[in-house]
Amino acid sequence: MSPRRTTGPLTPLLALLLLAACAPTPQADDDDATQDDDTAADDDTADDDTADDDVSPDDRDGDGYTSDVDCNDDRAEVYPGAPEECNTRDDDCDGLVDEDFDGDGDGHLDDASCPGEIAGDCDDGDPAVHDDAPEQCNSRDDDCDGEVDEGTDLDTDGDGYTPCEGDCHDGRSDIAPGAAETCDGVDQDCDGTVDDGFDEDGDGYTTCGGDCDDAAAAANPGVAETCDGRDDDCDGAVDEGFDADGDGYTTCGGDCDDGTASTNPGAVETCDGIDDDCDGVVDDGLDGDGDGYACDTDCDDADPGIRPGAAEVCDGVDQDCDAAVDEGFDADGDGYTTCGGDCDDARNLVFPGATETCNGRDDDCDGAVDDGHDVDGDGVTVCNGDCDDADPDLYPGRAEACDGVDQDCDDVVDEGHDVDGDGYTTCGGDCDDTRPGTNPGRTESCDGRDDDCDGAVDEGYDADGDGYTTCGGDCDDGSAAVNPDAAETCNGVDDDCEGGVDEGFDADGDGYATCGGDCDDADPDRRPGAPEGCDGVDDDCDGAVDEDGGADLDGDGTTACGGDCDDLAASIHPGAAETCDGVDQDCDGAVDGDDPDLLADSDGDGDDAASCGGNDCDDTDPAVHGLDADGDGQSACDGDCDDTDPTVDGSDLDGDGIPACDGDCDDADPAVYPYAWEDDANGLDDDCDGAIDGDDPELPVVLDMLGDDTAGEMVFVGGFRFPFCGADHASGWVISNGRVTFNGIDTDYSESSSEFLSTTEVDSVAGLWDDLKGDTGTIAWVQHEDAVSVHFIEVSQLNPADENTFTLVFRADGRLSAHFGSVAASDGLVGWSCTPGGTVPETDLSAAVAAPGSLGVGRGTEGAVYEVFTAGADPFDLDHRGVLFCVDSGDDLDGDGWTDRCGDCDDSDPAVLPGAGC
């Protein structure tokens, strides 16, 4: 369906009539060269014969408009804003003649509303139909002469087909629909493809077209020669142009320096710091000390520890051959290294000969700290922590005495005398200074000690008054009958607190007494909790016999006591068929390959199960296996939806984002895919719905929204709802800048990806976002049964000459696809965002969400999928490409970007997704 514009060119006749109707009428009161031509009263001044009189415009025809605005002041029916009539005049003074009677803008007036000799358009809604149009073979009267397809429906060459019936060359009888195609550069069968079936590798060249290897798409006359040992460009020469130095070796032939003829695999190695013979080793055989460096770079070729790159040590020797000694060992830059006497190489004021100051450091590296600054002679200065430099008995490091004085100047009194560190010293009342839990401030606990140093032990911890506390061995301080001196009875209680229950009453030693439920105290295998066996005895003392193996729980005719090794699975029992699945189906103790009864191909499709060494990914379904039945390189296990047709598989051959298995009816043409724009005059089923051109019942809704940042609403019908950003939507807004939004409309935006992906934007899909202005072209949406497609056709960017054509398809199952025809935008953004919050920098992402075959897209961590592209720069060139996303709000269990609603057939395996195994 072709886009339509609302204006068109004027015919030459109408333009001439317009000029004649709007010519100005000369005024009669101008001064002439010799005398005044009217009375002196209306002259500007005295008669000067040079200037015009000052005359106000008049309204000669009395229609209310003066001659300065009235384009014809002699006709009262002509004035600005007058109704336009079909009369070859500009009635409303807008510069156009009869413009209201040319609905399709083709320059021909409508026969119905403007009859007469000046008309000639029998269909004023179609610019291709008028009296000057050429007649075409399309079942309509193009030239308005009353005849349909005259002169076009002839079979000139007598091959049984007319041009209207698809004959693409009616002058040759060997060219017609259905004719046999030959490899000769001619389209014999009129299907639009030349030599179809003779380009085996699909590279656009046939053997008769010069393809020297039609099994390799990378070899044909149109490719550039690469260095790979093959004749890539089919000119008969191999790797021409890749021996730059003419030494007989190319880079792919092992030449490691193709700019130097003396360097190649056949050269002799010399001591020059170069890998002359291209063996990957420099100066091999010319290294005296074997440290990997030859004579010309090793400053001491007799010492393997000295070589370029060796670690420098502080010893007065140049280890790394850089002509500098001990570099890196003067950390503070004071000119002294550690091996040169610097006692603190982290301080540039500390070095041999520095001035000693009172700072607690040895500034001059003479071994003495703060020498000359100790008043009381105790060896410590005030700057080094002496809290009383007049008392030689008080200084840091002095032994602390338990006397309430701070001898060691650490602001803590009597430290060292609180052995257990509980804050109490022996001179401060600690009755046991070896236990931090014992001191006067401690709360008494039940532990057999005087915790609070009050002279009493465990006071308040004998609750039942039997003379025993819990820390004294009472295992139940709430019962006076239970203590270490009580007699044991058969009551299920540890009466004597020895750790055993009813000891002396368990005859068989199985841990259960008769009073504890042992139904046979003479047999240790019979007790509560024992496993029930198939022996006719109540082993677990629950009153039931053989209850765990005597019943047929799965109804397969065999009980556990009868040999059923899994009585919860009816398919597992003695005599069952063994299959290769890691399970012992026949209960013979052998699994899979170890079982002679194995059935490796359980579904009988000729392919063993993958677990049995075959390629069958589903050995329960004979229609699914790993064999490539139609020879197209894909099996059903690889994603081939029709393994009987070699032209149909899960690959996206034309790069439009939709493989043949997903409904692409022509996977060799990126302009043909499901829900594409249906061109009404190309003879193709563009949208793959089975209807061609004018027979397609799905009509577009053209949005009247051309202009910068205008918008139009699309309302889905028939119960269709699109799942996006956590909600199902029944409508959306199409904006002329290339976006579609949901949950509202926002046309006040910035041209940046960070703005698109921030919270200031509503949930959006960017089809092609680079300041599209929409001054020209067509923007429309089409309602399908299970999808809605939005089409931007020849929409301008910064100027009307930039035309961008692309389509967005929203499917009910949560898939979103973007398809690009001609893209004039130099760079921009394509993708979708769910207002993730925060600013996201422009980033090209890896292919993690789009189906295999899509380029330059991926999923970010910001709740969006997007690509910042540069048109014409592979792999980000969008021309004639397509991408497919899953935007379903459901759970993506394996994290591959696809949910089961979008077609993920195995949402537990990230390697299996639509186009890759599905």
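Quick caveat, the model's predicted, so the values are computed rather than measured.

K.L.:
Sorry if this is basic, but what is going on with the state of the cysteines here?
P.N.:
Linking two cysteines covalently via their sulfur atoms produces the bond known as a disulfide. Following the criterion strictly, the structure yields 23 disulfides and no others. The side chain of C358 participates in a disulfide bridge whose partner is C383; the two sulfur atoms lie 1.8 Å from each other. Judged by the torsion about the S-S bond (-100 degrees), the C358/C383 disulfide is left-handed. Here C358, found in the loop between β2 (119–121) and β3 (578–579), pairs with C383, found in the loop between β2 and β3; they are 25 residues apart in sequence, far enough to count as distant. The disulfide bridge from C446 ends at C471, spanning 2.1 Å between sulfur atoms. On the S-S bond that ties C446 to C471, the torsion sits near -85 degrees, and the link is left-handed.

K.L.:
What is the right way to look at the environment of D342 in this model?
P.N.:
Position of D342 among the secondary structure elements: in the loop between β2 and β3. With 22 residues separating them along the chain, D342 and D364 place their C-alpha atoms 8.9 Å apart. Separated by 3.1 Å, the side chain of D342 and the backbone nitrogen of D344 make a polar contact.

K.L.:
What's the story with unusual backbone geometry in this structure? I'm lost.
P.N.:
Even without being glycine, C453 reaches a positive phi, approximately 55 degrees. Mapped onto the elements, C453 comes out in the loop between β2 and β3. Look at C541: it is not a glycine, yet its phi comes out positive at around 60 degrees. Topologically, C541 is positioned in the loop between β2 and β3.

K.L.:
Would you mind going over the nonpolar core with me for this structure?
P.N.:
Within soluble globular proteins, side chains that are nonpolar generally end up buried alongside one another. Grouped together as the largest cluster of nonpolar side chains are 33 residues, with contacts concentrated most on M714, F722, V734 and F810. For this core, the secondary structure elements donating two or more residues are β7 (722–724), β11 (764–769), β12 (778–783), β13 (787–795), β14 (804–811), β15 (815–820), β16 (827–833) and β18 (882–886). With four residues, the single largest contributor to this core is β13. Ignoring anything within four residues of it in the chain, the contact list for F722 reads F716, A727, D728, H729, F742, F810, R811, G814, R815, L816 and V887. Counting residues in each nonpolar core, the second largest holds eight residues, with A676, L884, C886 and L913 among its members.

Scoring rules and cut-offs
Residues numbered from 1 in each chain as written. Predicted model: local features only at pLDDT ≥ 70, side-chain atom pairs only at ≥ 80, totals over all residues. Heavy atoms only, no water. Disulfide = S-S within 2.5 Å. Helix = DSSP H or I, 4+ residues; strand = E, 2+ residues; numbered from the N terminus. Polar contact = N/O pair within 3.5 Å; in protein donor to acceptor, adjacent residues only side chain to side chain. Core = buried A, V, L, I, M, F, W, Y, C linked by side-chain atoms within 4.5 Å. Buried < 20%, exposed > 50% of the residue type's maximum accessible area, 1.4 Å probe, protein only. Contact = heavy atoms within 4.5 Å.

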